[in-house]
Amino acid sequence: MGLNDRKQAMYVCIHCRQGLMDPVAQLDEVGHLDRYQCSYCGHQATIPPVAISVTQALSCLAGAGIALFLLFRHLGQALQAFQLGNGNMVTDLGLSLLATILLVGFVVTIIQAIQSMKTQLQYRHVPPRSG
């Protein structure tokens, strides 16, 4: 599946608003399909595909839900161990800390996915200047 096989979205340059953003293919780059250059002013930008951003956000929402469940479960068990004196409170607090770290990572990745979607929409919906 090459560049010509898939339907390309038309991106308008947000720098000059007169040129279209054309894909720049440099084979030595890892994300070479995400690089674009304006045909009018030469402005370059990385515009991530919206499908990747959406699947990234949905996967992170699922992961954040699981991490949140584990956080509440182990915090509850740690509280119960503290109040009743049974169970291993240190282990549950450690697992709660681990779940918190995972949750923060998922939230940061969701924020990055949302910023990527905003970037893509910003380039897609800029009306070209007339004249």
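Before reading on, note that the structure itself is shown above.
Worth saying up front: this structure is predicted, and the values here are computed from it rather than measured.

Each value, and the rule that gives it
- Residues numbered from 1 in each chain as written.
- Predicted model: local features only at pLDDT ≥ 70, side-chain atom pairs only at ≥ 80, totals over all residues.
- Heavy atoms only, no water.
- Helix = DSSP H or I, 4+ residues; strand = E, 2+ residues; numbered from the N terminus.
- Buried < 20%, exposed > 50% of the residue type's maximum accessible area, 1.4 Å probe, protein only.
- Contact = heavy atoms within 4.5 Å.
- Areas by Shrake-Rupley, 256 points an atom, 1.4 Å probe, with all protein chains shown as cover.
- Axes fitted to C-alpha atoms, helices over the stretch in contact; angles between N-to-C directions.
- Parallel < 35°, antiparallel > 145°, perpendicular 65-115°, else oblique.
- Left-handed = near helix turned anticlockwise from the far one by under 90°.
- Nonpolar A, V, L, I, M, F, W, Y, C, P; charged D, E, K, R; others polar.
- Pairing = 2+ DSSP bridges.

Draft legend 1. A look at the overall build of the protein. The helix and strand inventory of the protein stands at two helices and four strands. Ordered by position from N to C terminus, the α and β elements of the protein give β-β-β-β-α-α. Looking at the protein residue by residue over its 131 residues, the buried ones come to 25%. Across the protein, every contact between residues at least 6 apart in sequence was considered, and the portion connecting residues at least 24 apart equals 53%. Total accessible area on the protein is roughly 8,900 Å²; 63% of this is exposed by carbon and sulfur atoms.

Draft legend 2. Layout of the packing of helix 1 (residues 50-84) against helix 2 (residues 89-124). For the pair helix 1 and helix 2, the least separation of the axes is 7 Å and the interaxial angle reads 160°. If you check the angle between helix 1 and helix 2, you find them roughly antiparallel. Crossing of helix 1 against helix 2: the hand is left-handed. Of the residues assigned to the contact of helix 1 with helix 2, the class counts are 24 nonpolar, ten polar and one charged.

Draft legend 3. Expanded view of the sheet that holds strand 3 (residues 35-38). Ordered by their spatial adjacency, four strands build an open sheet running 1-2-3-4, and the pairing between neighbours is antiparallel. Here the strands that pair on one side only, and so sit at the sheet edges, are strand 1 (11-12) and strand 4 (44-46). Pairing between strand 1 and strand 2 (residues 20-23): two bridges, direction antiparallel. Within the sheet, the bridge partner assigned to Tyr11 lies in strand 2 and is Met21.

Draft legend 4. Region of the structure containing the side chain of Gln120. Mapped onto the elements, Gln120 comes out in helix 2. Taking the relative accessible area as the measure of exposure, Gln120 reaches 2% and is therefore buried. Not counting chain neighbours up to four residues away, the residues in contact with Gln120 comprise Tyr11, Ile47, Pro48 and Val50.

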